[in-house]
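Fold and contact review
Read off the chains here:
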Amino acid sequence: MENTRNVLDFFQNIVEKEPEVSAAVAAIRTLMHILETFGDRTLRGLSEELRKATEEMKKADCSITSVQSGCELFQRFITLTGALDQSNIKECKDIMKKRGEIFLRKLQEARPKIAKLGAPFILDGQKILTHSKSRVVLQTLREAALTSKKRFHVFITESYPDQSGVLMRNELLKLNISSTLILDSAMGYVMESVDLVLVGAEGVVESGGIINKVGTYTMALCAKEMHKPFYVLAESFKFVRLYPLNQRDLPQELKFSSSTIKSNSNLLDQHPQVDYTPPGYITLLFTDLGILTPSAVSDELIKLYL
């Protein structure tokens, strides 16, 4: 799959046809496909092909924070094996494919691990507030309701401009979990009556802060002011090597879709897809590496990239 257009088509096909698969997992499956189909040429050529594919997938009209971090970790993981010391390109590829399969399996096991860690923090009779649609938040709520048999109520923001909160509520209705869809602007009104906030993340940065659907920062501010726990659920493949200090520090390609950047010379007039929530507003992060405080994230991120 050396044609870059084919790379993007392969990636988008997974995203569109398998809604339960995250963009990062779809991206890594795409890189695995390249590993399997790459001819017996040079390792440098293979490395360049993987790099080009990653850049091409970042042109998709979806939030690409986790695509960037997942692909970077994947390429690092498959090459830290001594594979590059092998003289035979076929042997190198075989080792890299095995390592890639291990990495992909770890990714697929991450969400259930987080759900088991987070479910005990949800108690009978509680009211929970969440924002947008998060697969890992949904799985945690499912774990608490169906496996632990807890009864609770969930408030979900509509999450404009794409109204992804509506999709989240539809999923909760299928699970018979009591829920209410609210306006984004009503999060302050509802906050005083909830017991905790659960959100996902597009990316977890070095400081322990998060990049997530726009509106998350506003929710965190309200939670902090009203002394409500603000919990983040995120897989470790979303740990990204960035250290933003404010909203302006976020790279434009993370804040806006590729098509928006191409078609607009003045991005100040455009609606960002994500915002940055500093670590001081986050109570705990539930990850497949364990339950972390924001200050512990940097240590875990260093281990991932060593």
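Calculation criteria
- Residues numbered from 1 in each chain as written.
- Predicted model: local features only at pLDDT ≥ 70, side-chain atom pairs only at ≥ 80, totals over all residues.
- Heavy atoms only, no water.
- Domains from an automatic or database assignment.
- Contact = heavy atoms within 4.5 Å.
- Buried area = accessible area lost by both parts, 1.4 Å probe.
- Salt bridge = Lys/Arg side-chain N within 4 Å of Asp/Glu carboxyl O.
- Polar contact = N/O pair within 3.5 Å; in protein donor to acceptor, adjacent residues only side chain to side chain.
- Helix = DSSP H or I, 4+ residues; strand = E, 2+ residues; numbered from the N terminus.
- Nonpolar A, V, L, I, M, F, W, Y, C, P; charged D, E, K, R; others polar.
- Phe/Tyr/Trp six-rings, centres within 6.5 Å; stacked < 30°, edge-to-face > 60°.
- Buried < 20%, exposed > 50% of the residue type's maximum accessible area, 1.4 Å probe, protein only.
- Lys NZ or Arg CZ within 6 Å of the ring centre and 35° of its normal.
- Core = buried A, V, L, I, M, F, W, Y, C linked by side-chain atoms within 4.5 Å.

Each assigned domain of the chain is listed here: domain 1 (1–112) and domain 2 (114–305). For domain 1 versus domain 2, the distance between C-alpha centres works out to 26 Å. Each partner contributes residues to the interface: domain 1 has 25 residues there, and domain 2 has 27 residues. Between domain 1 and domain 2 the total buried area reaches about 2300 Å² when both faces are included, carbon and sulfur atoms providing 53% of it. Its largest share of buried area at the contact with domain 2, domain 1 owes to T65, L73 and R111, together 27% of the area lost on that side. Taken together, the links from domain 1 to domain 2 amount to 2 salt bridges. If you look at where domain 1 meets domain 2, you find 13 residue pairs in polar contact (both at pLDDT 80 or more). Sort the elements by how many residues they give to the side of domain 1 that touches domain 2 and helix α4 (residues 65–79) lands first, with 8 residues. Across the side of domain 1 that touches domain 2, the residue classes break down as 11 nonpolar, 7 polar and 7 charged.

Attention shifts here to the packing of aromatic side chains. Using the criterion set out here, one finds 6 aromatic pairs in the structure. Here F74 and F103 contribute two aromatic rings whose centre-to-centre distance is 5.7 Å and whose plane-to-plane angle is 65°, an arrangement assigned as edge-to-face. One end of the pair, F74, is in helix α4; the other, F103, is in helix α5 (residues 89–118), with 29 residues separating them in the sequence. F74 gets classed as buried once you look at its relative accessible area, which sits at 0%. Between F121 and Y231, the aromatic rings sit 5.7 Å apart at their centres with planes inclined by 75°, giving edge-to-face as the arrangement. A residue pair is termed long-range when its members are at least 10 positions apart, and F121 in the loop between α5 and β1 (127–130) and Y231 in strand β7 (residues 230–233) qualify at 110 residues. A residue is classified by how much of its surface remains accessible, and F121, at 31% relative accessible area, is partly exposed. For R99, the ring lying beneath its charged end belongs to F77, and the centroid distance is 4.0 Å.

With that out of the way, let us pick up the nonpolar core. Ranked by internal contacts, the top residues of the largest apolar core, which has 42 residues, are F11, L31, M57, V67 and F74. Listed by contribution, the elements that provide at least two residues to this core are α1 (4–17), α2 (23–37), α3 (43–57), α4, α5 and β8 (274–277). Ranked by the residues each element gives to this core, the list is headed by α2, at 10 residues. Each of two domains, domain 1 (1–112) and domain 2 (114–305), supplies a minimum of three residues to this core.

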